[in-house]
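# Tertiary structure, described
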Amino acid sequence: MRLVLTWFINALALFAVPYLMHSVDVTSVGAALIAALILGLVNTLIRPLLLLLTLPVTVLSLGLFIFIVNGFTFWLVAQFVDGFNVTSFWAAVGGALLYSVISWALSSLLLKDADG
C-alpha cells in the first residue's frame with residue numbers, strides 16, 4: 001500500500017511541476033501517473049548504472065554532475081511518454097530538481113513512519 005501511495009505522491013508532484021515551470025508540460029492525470037511510474041523504474045534500474053559510469057566526472061565536479069544525470073533521466077522519460085513534454089535539456093534539469101523537491105516535501109508530509 002505504501003508503494004502505491006508513493007506512486008500517487010510522485011504523480012501529484014509531477015502534475016504540479018508545470019504550474020511552477022512553463023517549459024515542462026503534463027497534459028493529463030493519466031500521463032502524470034504513467035510518467036511517474038516510468039520515472040520510478042528508470043531511477044531504480046538505469047540511474048544507478050549512469051551514476052557508476054559517470055563517477056569520475058561526478059567526483060571532479062564535487063557531485064554537481066548528478067544534477068545532469070537526473071535531468072537526463074527526466075528528459076529521457078519525457079521522450080517516451082505521450083502527454084509529458086519537456087522543451088529542452090536544461091528545462092529537464094530544472095524540472096527534475098523541482099520534481100524531486102516537491103516529491104520530497106509531499107512524501108515527508110504524507111508518509112509518516114510508525115516511530116514518529
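Residues numbered from 1 in each chain as written. Predicted model: local features only at pLDDT ≥ 70, side-chain atom pairs only at ≥ 80, totals over all residues. Heavy atoms only, no water.

Going by an unreviewed UniProt entry, the protein chain carries the name Phage holin family protein and comes from Pseudoduganella lutea.

### Looking at the environment of Leu53
Residue placement: Leu53 occurs in helix H3 (residues 47-53). Residue classification places Leu53 among the exposed residues on the basis of a relative accessible area of 61%. A C-alpha to C-alpha distance of 24 Å links Leu53 and Ala36, two positions 17 residues apart in sequence. (Helix = DSSP H or I, 4+ residues; strand = E, 2+ residues; numbered from the N terminus. Buried < 20%, exposed > 50% of the residue type's maximum accessible area, 1.4 Å probe, protein only.)

### Regarding the UniProt feature "transmembrane region" (unreviewed entry) in the protein chain
With numbering aligned to this structure, UniProt lists the feature "transmembrane region" (unreviewed entry) at residues 26-46, 53-77 and 89-111. Taken end to end, residues 89-111 has its terminal C-alpha atoms 31 Å apart, with 96% of it in helix and 0% in strand. (UniProt positions renumbered as here; feature names shortened; annotations may be inferred.)

### Focus: the side chain of Thr58
Within the secondary structure, Thr58 is located in helix H4 (residues 55-60). According to the relative accessible area criterion, Thr58 is buried, its value standing at 9%.

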